[in-house]
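# Notes for the structure review
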Amino acid sequence: MSIDESQVTAAVAAVIDPELRRPLGELGMVGPVRVKRKRATVGIALPVAHYPQVDELADRLRLAVGSVPGVDEVEVESTVMEEEPRARLRMLLRGEAVEGGTQHAADEGHDHGHDHGAQLGHEEGRPNRFMLPRSKTRILGISSGKGGVGKSSVTVNMAVSLARMGYDVGILDADVYGFSVPKMLGITTDPLIIGDLVVPPTANGVRCLSMGYFVPDDTPVIWRGPMLHKALEQFLVDAYWGEPDFLLIDMPPGTGDVTLSLGQYLTKTEVYVVTTPQPAAERVAQRSAYAARKLKLAVRGVIENMSWFTGDDGKRYELFGAGGGRQLADELGVPLLSQVPLVASLRQGGDDGVPVMVADPDSEVAGVFDRLATAVVELGPARVYRKELTVR
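Criteria and thresholds
- Residues numbered from 1 in each chain as written.
- Predicted model: local features only at pLDDT ≥ 70, side-chain atom pairs only at ≥ 80, totals over all residues.
- Heavy atoms only, no water.
- Helix = DSSP H or I, 4+ residues; strand = E, 2+ residues; numbered from the N terminus.
- Buried < 20%, exposed > 50% of the residue type's maximum accessible area, 1.4 Å probe, protein only.
- Contact = heavy atoms within 4.5 Å.
- Areas by Shrake-Rupley, 256 points an atom, 1.4 Å probe, with all protein chains shown as cover.
- Phe/Tyr/Trp six-rings, centres within 6.5 Å; stacked < 30°, edge-to-face > 60°.
- Lys NZ or Arg CZ within 6 Å of the ring centre and 35° of its normal.
- Axes fitted to C-alpha atoms, helices over the stretch in contact; angles between N-to-C directions.
- Left-handed = near helix turned anticlockwise from the far one by under 90°.
- Arc of directions from axis to C-beta.
- Parallel < 35°, antiparallel > 145°, perpendicular 65-115°, else oblique.
- Nonpolar A, V, L, I, M, F, W, Y, C, P; charged D, E, K, R; others polar.
- Core = buried A, V, L, I, M, F, W, Y, C linked by side-chain atoms within 4.5 Å.
- Pairing = 2+ DSSP bridges.
- Right-handed = clockwise from strand over helix to strand, strands pointing away.
- Salt bridge = Lys/Arg side-chain N within 4 Å of Asp/Glu carboxyl O.

### A look at the overall build of the chain
- If you tally the helices and strands in the chain, you get 15 helices and 15 strands.
- Each of the 392 residues in the chain was classed as buried or not, and the buried ones make up 53%.
- For the chain, restricting intrachain contacts to residue pairs at least 6 apart in sequence, the fraction spanning at least 24 positions comes to 73%.
- Summed over all atoms, the accessible surface of the chain reaches about 17900 Å², with 51% contributed by carbon and sulfur.

### So, unusual backbone geometry
- One non-glycine residue, Asn 204, lies in positive phi territory at about 55°.
- Judged by relative accessible area, which is 32%, Asn 204 ranks as partly exposed.
- The phi dihedral of Lys 296 falls on the positive side, at around 65°, and the residue is not glycine.
- Within the secondary structure layout, Lys 296 lies in the loop between helix 11 (279-294) and strand 12 (298-305).
- In this structure Lys 296 comes out as exposed when scored by relative accessible area, which is 62%.

### As for the packing of aromatic side chains
- Tallying each qualifying case throughout the model produces 1 aromatic pair.
- Here the aromatic rings of Tyr 167 and Phe 246 are separated by 5.3 Å at their centres, their planes lie at 85°, and the arrangement is edge-to-face. Here Phe 246 lies in strand 10 (residues 246-250) and Tyr 167 lies in the loop between helix 7 (151-164) and strand 5 (169-173), a separation of 79 residues in the sequence.
- Tyr 167 sits in the partly exposed class, given a relative accessible area of 28%.
- Owing to a relative accessible area of 3%, Phe 246 belongs among the buried residues under this scheme.
- The ring of Trp 308 carries the charged tip of Arg 316 above its face, separated from the ring centre by 3.7 Å.

### Here we look at the packing of helix 1 (residues 5-14) against helix 3 (residues 54-66)
- Between helix 1 and helix 3, the least distance of the axes is 9 Å, while the angle of their chain directions is 145°. Judged by the twist between their axes, the crossing of helix 1 over helix 3 is right-handed. Facing Val 8, Ala 11 and Val 12 of helix 1, the residues of helix 3 in contact are Leu 61, Ala 64 and Val 65.

### What to know about helix 13 (residues 344-352)
- The set of residues buried in helix 13 consists of Leu 346, Gly 349 and Gly 350. The buried side chains of helix 13 occupy one side of the element, clustering within an arc of 95° when seen end-on. Away from its buried face by more than 90 degrees, helix 13 exposes Ala 344, Arg 347 and Asp 352.
- Considering only its buried residues, helix 13 is in contact with helix 7, helix 8 (181-185), strand 12, strand 15 (336-340), helix 14 (356-359) and helix 15 (364-379).

### With respect to the packing of helix 7 against helix 15
- At a minimum axis separation of 9 Å, helix 7 and helix 15 run at an interaxial angle of 75°. By the angle between their directions, the pair helix 7 and helix 15 is classed as roughly perpendicular. Contacts from Ser 153, Val 154, Asn 157, Met 158, Ser 161 and Leu 162 of helix 7 reach helix 15 at Phe 369, Asp 370, Leu 372, Ala 373, Val 376 and Val 377.
- A class-by-class count of the residues in the contact of helix 7 with helix 15 yields 8 nonpolar, 3 polar and 1 charged.

### Points about the nonpolar core
- Within the largest apolar cluster, 75 residues are counted, with the highest numbers of intra-cluster contacts made by Leu 248, Leu 266 and Phe 369.
- With 8 residues, helix 15 is the largest single contributor of residues to this core.
- The residues touching Leu 248, leaving out its near neighbours within four places in the chain, are Leu 140, Thr 155, Met 158, Ala 159, Leu 162, Val 169, Gly 170, Ile 171 and Leu 172.

### Focus on the pairing of strand 3 (residues 73-80)
- Two elements, strand 2 (residues 39-46) and strand 3, share 8 bridges in a ladder whose sense is parallel. When the sheet's bridge partners are listed, Ala 40 is paired in strand 3 with Val 74.
- Handedness of the β-α-β unit built from strand 2, helix 3 and strand 3 comes out right-handed.

### Quick notes on the sheet that holds strand 1 (residues 30-36)
- Pairing is mixed in the open sheet, where 3 strands are placed in the order 1-2-3. What marks the edges here is a single partner per strand, and that holds for strand 1 and strand 3. Pairs of neighbouring strands in the sheet enclose a mean axial angle of 15°, with direction left out of account.
- Where strand 1 and strand 2 come together, 5 bridges link them in antiparallel fashion.

### Description of the environment of Leu 319
- Relative to the helices and strands, Leu 319 is located in the loop between strand 14 (316-317) and helix 12 (324-332).
- Judged by its relative accessible area of 55%, Leu 319 is exposed.
- Taking the C-alpha atoms as reference points, Leu 319 and Ser 307, 12 residues apart in sequence, are found 7.9 Å from one another.
- With residues near it in sequence (within four places) discarded, Leu 319 still touches Phe 309 and Leu 342.

### Topic: the environment of Pro 381
- One can find Pro 381 in the segment after helix 15.
- Given the relative accessible area of 43%, Pro 381 is considered partly exposed.
- For Pro 381 and Ile 139, which are 242 residues apart along the polypeptide, the C-alpha to C-alpha distance reads 8.7 Å.
- Once residues within four sequence positions are removed from consideration, Pro 381 is found in contact with Arg 138, Glu 270 and Arg 300.

### Quick notes on the pattern of salt bridges
- Across all of its chains, the model carries 21 salt bridges by this definition.
- Asp 168 is the partner of Arg 21 in a salt bridge, and the nearest nitrogen-oxygen pair spans 2.6 Å. Here the residue Arg 21 occupies a position in the loop between helix 1 and helix 2 (24-27), and Asp 168 occupies one in the loop between helix 7 and strand 5, the gap between them amounting to 147 residues.
- Judged by relative accessible area, Arg 21 falls into the partly exposed class, the value being 27%.
- For Arg 94, the salt bridge is made with Asp 196, and the minimal N-O distance between the two is 2.8 Å. Residue Arg 94 is found in helix 4 (residues 83-94), and its partner Asp 196 is found in the loop between strand 6 (192-194) and strand 7 (197-199); the two are separated by 102 residues along the sequence.
- For Arg 94, a relative accessible area of 7% corresponds to the buried category.
- The network of salt bridges with common partners includes Glu 83, Arg 86, Arg 90, Arg 94, Asp 196 and Asp 238.

Set out below in structure tokens:
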């Protein structure tokens, strides 16, 4: 049986790139295709020389092309894009007009019912795509009144749980003073840079962008509010996130500049407050919730961490007191979504870069995070923006 070259080309074009999560044909990454007897040689044009997940991409190509009738052998050849197709790829990923394209993404931002200035990034014409009317992404701000309550551990494991449920998930590590998420998530590679566009790396099914990629671990970030606001803009506008179902924001503790920027720049952020059972911690966490509400951000629920420790005797010990999470939830009029036990594997997973959701998915604490993720999904978005309801 002779091989239909057009079928091979179509099979290559339909393969989803594991890094950019879009079809190769749409990305302009399909190269020359040659067929000879039962052998198909397919070419791919990579955006950069050292492209992440290229082995996974090659495996997907072999599987897809190998299913074409008559193909017994598949060879994959890769080249690096020239500047012109790479520039077109950047424009496509930004949502900007390309040759033969239609509307510029920034024009779509004019249709939004919110302040136009909050929709554009630090460069005129680049929109905050998460606030466009068609965006399906739920923004989850994971907040705490103070540090040391396990907010980042909760963020990472909830994100991994959502990803394991089949959702497209990203984490923005907005705790610029105490960034820790990349290490806890198990990311070992730097972001992919395509010209001036940043593609967040992925681990355990979750994309992540953090200040930790851009400064050494031992370098303190000493910034005032305007610089923090610009950094947040760049993380959103100059990065390609795709269209995730959920973007979790690991917020810095307290009620400082990043919270103010979220209130201005990501007005549909849903805030989830992490506290411990200790009454003193509950009172501090309450302030972060009230600050969010003053900024007109929706507070959706409370997550109590370190709720109890189960000893070798099977007895639960409430090392940090009891009732703080329930009290905070009642005061805020929101549900207490979860009580996370204090277990060594949760701490160890963060230190080793293997979240407990991955290291021990059948454990008690992993089950807690699965139920937490399910509860967040079932809550639904706090606000639904519909273009046809825009007030002009």
